[in-house]
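Coordinate inspection notes
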Amino acid sequence: MSWGWIEQAVMSFISAAAFGLIFNAPRQMLPQCGVVGMIGWLLYLVCTEMGLEAIPATLIAVIIVAIISQLFAKLYKTPIIVFSVAGIIPLVPGGTAYDAMRKVVENEYDIAVQLGVKAFMISGTIAIGLVLSEVVNQTIRRIERL
Amino acid sequence: MTSTVIEQPLHSYHLIAQTCLLAGKIILQNGGETYRVEDTMVRIAAAYGIADAQSYVTPTGLLFAMDASVPTTRLIRISERSTNLRKVALVNDISRRISQGKLEVSEAHRLLTEIDEQPFAYPVWLQVLVAAIASGCFLVMFGGRWHDFAAAVLAGGLGFGSMVLLHRLVPVKLFAEFVASLLLGGAAILLVKSGAASNMDSVIIASVMPLVPGLHITNAVRDLMAGHLVSGLSKGVEAFLTAFAIGAGIAAALSFY
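Figured I'd write up the structure that's included with this text.

About the thresholds
Residues numbered from 1 in each chain as written. Chains lettered and ligands numbered in written order. Predicted model: local features only at pLDDT ≥ 70, side-chain atom pairs only at ≥ 80, totals over all residues. Helix = DSSP H or I, 4+ residues; strand = E, 2+ residues; numbered from the N terminus. Buried ≥ 20, exposed ≤ 12 C-beta atoms within 10 Å, placed from the backbone. Contact = placed C-beta atoms within 7 Å. Nonpolar A, V, L, I, M, F, W, Y, C, P; charged D, E, K, R; others polar. Pairing = 2+ DSSP bridges. Axes fitted to C-alpha atoms, helices over the stretch in contact; angles between N-to-C directions. Expected span 1.5 Å × (residues − 1).

For chain A, the count of helices and strands is six helices and zero strands. Shown N-terminal to C-terminal, the secondary structure of chain A runs as helices and strands in the order α-α-α-α-α-α. Burial statistics for chain A: of 146 residues in total, 50% are counted as buried. Looking at chain A alone, contacts between residues at least 24 apart form 60% of all its contacts between residues at least 6 apart.

Size of an interface, as often reported, equals the accessible area lost when the parts are brought together. Listed as interface residues are 41 residues of chain B and, on the opposing side, 38 residues of chain A. Residue contributions to the side of chain B that touches chain A peak at nine residues, all from helix 5 (residues 124-141) of chain B. Across the side of chain B that touches chain A, the residue classes break down as 27 nonpolar, nine polar and five charged.

Here the focus is the pairing of strand 1 (residues 54-58) of chain B. All names here are of chain B. Along strand 1, the buried face is formed by Ser-55 and Val-57; none of Gln-54, Tyr-56 and Thr-58, which line the opposite face, is buried. The sheet contact formed by strand 1 and strand 2 (residues 61-66) spans five bridges and is antiparallel. Residue pairing across strands places Thr-58 opposite Gly-61, the latter belonging to strand 2. Taking the residues that link successive antiparallel strands as the turn, the strand 1-strand 2 hairpin has two residues.

Residues and elements named next belong to chain B. An order of 1-2-3 is seen for the three strands of this open sheet, with the pairing classed as antiparallel. With partners counted over all chains shown, the strands left at the sheet margins are strand 1 and strand 3 (72-77), one partner each. The sheet shows a mean angle of 5° between the axes of neighbouring strands, taken without regard to direction. Seen against the sheet, helix 2 (residues 34-47) touches strand 1 and strand 2 and runs at an angle of roughly 155° to strand 1.

End to end, helix 5 (residues 94-105) of chain A covers 17 Å across twelve residues, agreeing with the expected 16 Å (1.5 Å per residue, within 8%). With ten of its twelve residues buried, helix 5 of chain A lies for the most part within the structure. Gly-94, Gly-95, Thr-96, Ala-97, Tyr-98, Asp-99, Ala-100, Met-101, Arg-102 and Val-104 of chain A are the residues of helix 5 of chain A that are buried. Lining the buried residues of helix 5 of chain A we find helix 6 (109-145) of chain A together with helix 8 (200-208) and helix 10 (229-255) of chain B.

Following this line, the structure appears as structure tokens:
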């Protein structure tokens, strides 16, 4: 554990909890929002550090975020959206979307389209990851009922 | 009518319908998912002995019908939406208590009215402050230098604060978002030109994060996957428009750079 990782952990915790507050999440749930966001972001960093592309790294991080959100939702009897929204915020491809926008302004449309598609794919990945873990969860529940 | 359900007096049906609608309305107005709105309304109705309640929910209005001894159909138009997950959680809690049979109709209706009327929101200054701090954190997370931390905090606070303010003044949401991100981009450029910050790109990326429509994107996809095609598409369009407005505002600011 180097200093950089601790720095990233603290920053992602604060920013995810801050987003919980911006979305008016219940006060007692803000630390949990922070934890979800922190785990998601650290996982994403670990994955990219290991050489994974942004899209699979995002997918892994989001799936874990969704699983933890489901656990918290059950544990605290609170809608899952309170946790999952705060958790995915750091993974939103704001930087890529910004770069795309910047290239549009600089009249470099070919690069802009490439970056735009990448941003779109990453946001699609976030969505798929959230839904995937929910579907798996529901399927497990149905199998248990059989 | 012969049914196993206990017959309720007429005014009681009325109250049950009102309670279901109120619960649905609060969840829908405060950023809950569409399936949660429908689920909550039908569950509350079932808990009060009405088995075949129907609901149809879109982001701009909700329809609710119960086919009890006195058929009732109601429509509520939703024109204002915001994000207040605390209210969603509170209604969720009440709906759970109703399902467990722990809450009378009149009491549930009273509690829901209370939730609907009270703001239950954090003060605006706190939200702006927190958005500013979050912008600074994002700067560090996205590989910016600590030197630019203050600039990101400043630009992020300005962007979020002006968006909150403009939402109240300007009737068109799109325009408020455009102007807010234009101001944000302008502030970032000024900060870099004056030497207070070194990397404009990372300052803008970090400070624009609080404006990103993350909740709408998430909700849109979950609605689509749950089969609520109309809600999913319209929420997706809403998210896309917000993202477009922010992008256009930043692009406009950059074109002056």
